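# Chains, contacts and geometry: an overview
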Amino acid sequence: MADPMASNIRQTIRQLEDRRFKAMVEADAAALEQLLADTLLYTHSTGTTDGKASYIAGVRAKKWQYRKIERPAEDIQVYGDTAVVTGQVRIDIVVEGQAKIMNSRYTDVWVKGAKGWQMVAWQSTPMP
């Protein structure tokens with residue numbers, strides 16, 4: 001039997017993911033500030049990493065200009081106050097002036113703390 005609490009959390013996380021991807025496309029630093037935890041570790045598909053402040057600064061400075069993001073597949077697993085999202089993502093992006101289409105598998109982690117649900121980690125791996 002499905003756990004109704006986990007189902008509600010999955011729905012909440014899906015909505016937060018929608019808001020986060022929308023904020024990335026719109027370069028909405030204020031929304032990202034709310035959605036990302038202060039302890040965020042954002043690991044790009046290149047292996048480079050950013051914390052919350054440097055990631056938001058990069059979005060704000062248009063280091064990464066997300067034009068469109070599609071998530072054709074995702075799965076959300078709930079472990080108490082932690083949710084792990086895995087899936088595929090297709091990102092139409094301009095990175096430091098160079099247009100790219102990135103197809104990746106990803107894992108991100110959301111934790112419920114004093115500020116509500118926030119993303120604490122992102123890791124993406126390019127697909128062949």
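Residues numbered from 1 in each chain as written. Predicted model: local features only at pLDDT ≥ 70, side-chain atom pairs only at ≥ 80, totals over all residues. Heavy atoms only, no water.

This part takes up the overall build of the chain. Along its length, the chain carries three helices and six strands. C-alpha atoms of the chain, sized along the principal axes, occupy 50 × 35 × 25 Å. For the chain, buried positions account for 38% of its 128 residues. Pairs at least 24 residues apart make up 48% of the contacts formed inside the chain by residues separated by at least 6 positions. Roughly 7100 Å² of accessible area belongs to the chain as shown, and the carbon and sulfur atoms make up 51% of that amount. In the chain, which carries 17 positive and 15 negative side-chain charges, the distance between the mean positions of the two groups comes to 3 Å. (Helix = DSSP H or I, 4+ residues; strand = E, 2+ residues; numbered from the N terminus. Buried < 20%, exposed > 50% of the residue type's maximum accessible area, 1.4 Å probe, protein only. Contact = heavy atoms within 4.5 Å. Areas by Shrake-Rupley, 256 points an atom, 1.4 Å probe, with all protein chains shown as cover. Lys, Arg positive; Asp, Glu negative; His and termini not counted. Charge placed at Lys NZ, Arg CZ, Asp CG, Glu CD.)

Here we take up the pattern of salt bridges. Opposite charge on two side chains lets them pair, provided their charged atoms get close. For the structure shown, the criterion picks out twelve salt bridges. Linking E26 and K22 is a salt bridge whose minimum nitrogen-to-oxygen distance equals 4.0 Å. Of this pair, E26 and K22 both sit in helix α1 (residues 4-26), four residues apart, which is roughly one turn of the helix. Given a relative accessible area of 48%, E26 falls into the partly exposed group. For D38, the salt bridge is made with K52, and the minimal N-O distance between the two is 3.0 Å. (Salt bridge = Lys/Arg side-chain N within 4 Å of Asp/Glu carboxyl O.)

Treat this as a map of the structure, not an account of what it does.
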